[in-house]
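What follows is each chain in one-letter form.
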Amino acid sequence: VVSTQSTGWVTDAKAYFKRDNVAECDLNELLGKIKSDDAFDTDMGVHRERLDQITNLTQEMVTQGFSRAAEVAARAQAMNGLWENLLVARTQHREDLENARETQEKI
């Protein structure tokens, strides 16, 4: 139930946010990154919906007493933890972009 594809997407996105050095960008690069960041929000929405579906299916499995429900629940919980970490990294990245943009606009 818990998708390794979704886990990979979250892990890759978080890694990108952590390694993207916006401090070295000029204003045009920053504006492009902000536009890409806005598009990423849409992509995040799709993945959030998928994660919600997984969470709901997991709850159903637990409620119905499926034999591997505990394993699936643990994987779903881990995925939710990764998602929360991604949200923190994404928020920090956006703040870094906005701060760098403001600095470049003052130059």
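Whatever comes next refers back to the structure up there.
Conventions used here
Residues numbered from 1 in each chain as written. Predicted model: local features only at pLDDT ≥ 70, side-chain atom pairs only at ≥ 80, totals over all residues. Heavy atoms only, no water. Helix = DSSP H or I, 4+ residues; strand = E, 2+ residues; numbered from the N terminus. Rg over C-alpha atoms; globule rule 2.2 N^0.38 Å. Buried < 20%, exposed > 50% of the residue type's maximum accessible area, 1.4 Å probe, protein only. Contact = heavy atoms within 4.5 Å. Salt bridge = Lys/Arg side-chain N within 4 Å of Asp/Glu carboxyl O.

Here's the deal with the overall build of the protein chain
And step 1. Of regular secondary structure, the protein chain possesses 3 helices and 0 strands.
And step 2. Reading the secondary structure of the protein chain in the N-to-C direction produces α-α-α.
And step 3. Computed over the C-alpha atoms, the radius of gyration of the protein chain is 18 Å, more than 25% above the 13 Å expected from 2.2 N^0.38 for a compact globule of 107 residues.
And step 4. By the burial criterion, 31% of the 107 residues in the protein chain qualify as buried.
And step 5. Counting only contacts in the protein chain whose residues sit at least 6 apart along the sequence, the fraction spanning at least 24 positions is 84%.

Looking at the pattern of salt bridges
And step 1. Counted according to the given criterion, the structure contains 10 salt bridges.
And step 2. The shortest N-O distance in the salt bridge between aspartate 52 and arginine 48 comes to 2.7 Å. Of the two residues, aspartate 52 and arginine 48 both sit in helix H2 (residues 27-64), 4 residues apart, roughly one turn of that helix.
And step 3. A salt bridge links arginine 68 to glutamate 71; the shortest N-O distance between them is 2.9 Å.
And step 4. Residue arginine 68 is classed as exposed on the basis of its relative accessible area, which comes to 51%.
And step 5. Take glutamate 71: its relative accessible area is 38%, and that puts it in the partly exposed class.
And step 6. Salt bridges sharing common partners tie together Asp37, Asp38, Asp41, Arg90, Arg94, Glu98, Arg101 and Glu105.

So far we have only geometry, and geometry alone does not tell us how the molecule works.
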